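Listed here are the chains, written in short residue letters.
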Amino acid sequence: GAVVSQHPSWVICKSGTSVKIECRSLDFQATTMFWYRQFPKQSLMLMATSNEGSKATYEQGVEKDKFLINHASLTLSTLTVTSAHPEDSSFYICSPGSPTGELFFGEGSRLTVL
Amino acid sequence: QQQVKQSPQSLIVQKGGISIINCAYENTAFDYFPWYQQFPGKGPALLIAIRPDVSEKKEGRFTISFNKSAKQFSLHIMDSQPGDSATYFCAASTLNTGNQFYFGTGTSLTVIP
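Residues numbered from 1 in each chain as written. Chains lettered and ligands numbered in written order. Predicted model: local features only at pLDDT ≥ 70, side-chain atom pairs only at ≥ 80, totals over all residues. Heavy atoms only, no water.

A. The arrangement of the overall build of chain B in detail. A tally of regular secondary structure across chain B gives 0 helices and 11 strands. Beginning at the N terminus, the succession of helices and strands in chain B can be written as β-β-β-β-β-β-β-β-β-β-β. A compact globule built from 113 residues would reach a C-alpha radius of gyration of about 13 Å, and chain B, at 13 Å, matches this within 12%. Principal-axis analysis of the C-alpha atoms gives chain B an extent of 40 × 30 × 20 Å. Scored against the burial criterion, the 113 residues of chain B give a buried share of 45%. If you take every contact in chain B between residues at least 6 apart in sequence, the share linking residues at least 24 apart comes to 52%. Computed over 9 positive and 7 negative side-chain charges, the separation of the two mean positions in chain B equals 3 Å. (Helix = DSSP H or I, 4+ residues; strand = E, 2+ residues; numbered from the N terminus. Rg over C-alpha atoms; globule rule 2.2 N^0.38 Å. Buried < 20%, exposed > 50% of the residue type's maximum accessible area, 1.4 Å probe, protein only. Contact = heavy atoms within 4.5 Å. Lys, Arg positive; Asp, Glu negative; His and termini not counted. Charge placed at Lys NZ, Arg CZ, Asp CG, Glu CD.)

B. Examining the layout of surface pockets more closely. Reported here for the largest pocket is a volume of approximately 530 Å³. At the level of elements, β9 (86-93) and β11 (107-112) of chain B are the ones that each hand at least two residues to the lining of the largest pocket. Residues belonging to the lining of the largest pocket are distributed by class as follows: 8 nonpolar, 13 polar and 3 charged. Approximately 440 Å³ is the volume attributed to the second largest pocket. The wall of the second largest pocket is formed by 21 residues, among which Leu44(A), Met45(A), Leu46(A), Tyr102(B) and Phe103(B) lie closest to the centre. Among the elements of the structure, β4 (32-38) and β5 (45-51) of chain A together with β10 (101-103) of chain B are those that each provide at least two residues to the lining of the second largest pocket. For the lining of the second largest pocket, the per-class residue count stands at 11 nonpolar, 8 polar and 2 charged. (1 Å grid on protein atoms, 1.4 Å probe; cavity = no way out; pocket = protein on both sides within 12 Å on 5 of 7 lines; lining within 4 Å. Points joined across faces, edges and corners; volume = space filled by probe spheres on them. Nonpolar A, V, L, I, M, F, W, Y, C, P; charged D, E, K, R; others polar.)

C. Structural context of the state of the cysteines. Enumeration over the complete set of coordinates arrives at 2 disulfides over all chains. Sulfur-sulfur distance for the disulfide between Cys23(B) and Cys90(B) comes to 1.8 Å. The sign of the -90° torsion about the S-S bond sets the Cys23(B)-Cys90(B) disulfide as left-handed. Remark: Cys90(B) occurs in strand β9 and Cys23(B) occurs in strand β3 (residues 19-25); sequence separation between them is 67 residues. Just so you know, Cys13(A) is unpaired, no disulfide at all, and the nearest cysteine sulfur is the one on Cys94(A), 18 Å from it. Cys13(A) sits in the buried class, given a relative accessible area of 9%. (Disulfide = S-S within 2.5 Å.)

D. Quick look at the interface of chain A and chain B. Taken together, the contact between chain A and chain B spans 18 residues of the former and 17 residues of the latter. Across the chain A to chain B interface the summed buried area is about 1,400 Å²; carbon plus sulfur atoms make up 56%. Joining chain A to chain B, the criterion identifies 1 salt bridge. In this structure, Glu107(A) and Lys42(B) form a salt bridge, with 3.5 Å as the shortest nitrogen-oxygen distance. At the surface where chain A touches chain B, the tally comes to 4 residue pairs in polar contact (both at pLDDT 80 or more). Of all the secondary structure elements, the ones that give two or more residues to the side of chain A that touches chain B are β4 and β9 (90-96) of chain A. Tallying contributions element by element places β4(A) first for the side of chain A that touches chain B, with 3 residues. (Buried area = accessible area lost by both parts, 1.4 Å probe. Salt bridge = Lys/Arg side-chain N within 4 Å of Asp/Glu carboxyl O. Polar contact = N/O pair within 3.5 Å; in protein donor to acceptor, adjacent residues only side chain to side chain.)

Fair warning: the whole summary comes from geometry, so function is off the table for now.
Structure (structure tokens):
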């Protein structure tokens, strides 16, 4: 499978602060990056799709102003959780859009908001 | 409407036994059916996948059985090992139309020694 680097693997922050999560595609250039969120014992929920050089597309119910996505290069996309609150605590996982269409995930980032 | 339905929610299997997880889908346009394995605190890892032009695919101890007419596919883990204890997700997608993947709700597998 593809090599996807996601950082940090876990982060704890205070309510009201912002947290940035980085996702790097190491095997191929990704014009598209998918960001998922996973709550404990639940399935993966697509949050947004980012495209290099253009605005991200957000799924229904996902606040674009809270979850800022930047896809400035073909190998790096970032997700910033702004003004984080305890309900934003979750497991965030990225997946670069592969040339074959298959989905390969990063290791995930566990966010805990106190 | 849930596009992919997965069962059971949890499964306990004796070491050496066969683990079977089932999924059903609605959209006949789906043409790619992967299974993912996820360990606690880790991202899902692609385990095995099948396209609808074959009825079975085997990789080591893992086999996907695919029934196109019934719109069902299943994962079989032969000779289950404690190290297979994880959560398994099935998914479905149409590979050529923007990578929209639909995931099952997951199955927590526990293999007891």
